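Here is what each chain is made of, one letter per residue.
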Amino acid sequence: QVQLVESGGGLVQAGGSLRLSCAASGRTFSRYAMGWFRQAPGKEREFVADISGGGSMTYYADPVKGRFTISRDNAQNTVYLQMNSLKPEDTAVYYCAANLVYGRRTPGEYDYWGQGTQVTVSS
């Protein structure tokens, strides 16, 4: 079992930055690939970025490529999402998720989820 708790969301103006954190329970955090997803009102949950268990591999969805950076600190059982140059269309609830296989990029392929943190970008 892995429990995930996100933090760091908030209200920011367009062009600003936020850093999301996701703290995980358990002693096997480094075994899990971690992903960030987001869900805007009335829309399906969508993939944002993921990172392999050791942190050497990352992948980004096209809308965030070049603006967002995913990273992890396995000693702290935490994964981060640094979000720069934020746009109003980035407004959503952001979720972190865990699964044992890197490269899965649909919500149904992830085993564990956090409760989400709201990110609102004003224009």
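Right above here is the structure, for reference.
Below or above, wherever it landed, is the structure these notes cover. (Residues numbered from 1 in each chain as written. Predicted model: local features only at pLDDT ≥ 70, side-chain atom pairs only at ≥ 80, totals over all residues. Heavy atoms only, no water.)

## With respect to the overall build of the chain
And then number 1: Scanning the chain for helices and strands turns up 0 helices and 11 strands.
And then number 2: Its helices and strands in sequence order give the chain the pattern β-β-β-β-β-β-β-β-β-β-β, from N to C terminus.
And then number 3: Relative to a compact globule of 123 residues, whose C-alpha radius of gyration would be 14 Å, the chain shows 13 Å and is just as compact.
And then number 4: Along the first, second and third principal axes, the C-alpha atoms of the chain reach 40 × 25 × 25 Å.
And then number 5: The buried share of the chain, taken over its 123 residues, is 44%. (Helix = DSSP H or I, 4+ residues; strand = E, 2+ residues; numbered from the N terminus. Rg over C-alpha atoms; globule rule 2.2 N^0.38 Å. Buried < 20%, exposed > 50% of the residue type's maximum accessible area, 1.4 Å probe, protein only.)

## Section: the packing of aromatic side chains
And then number 1: Under the definition given, this model contains 7 aromatic pairs.
And then number 2: Relative to Trp113, the ring of Phe37 has its centre 5.1 Å away and its plane inclined at 55°; by these criteria the two rings are tilted. Note that Phe37 is positioned in strand E4 (residues 33-39) and Trp113 in strand E10 (residues 112-113), a separation of 76 residues in sequence.
And then number 3: Their ring planes at 35° and their centres at 6.1 Å tell us that Phe47 and Tyr59 sit as a pair that is tilted. (Phe/Tyr/Trp six-rings, centres within 6.5 Å; stacked < 30°, edge-to-face > 60°.)

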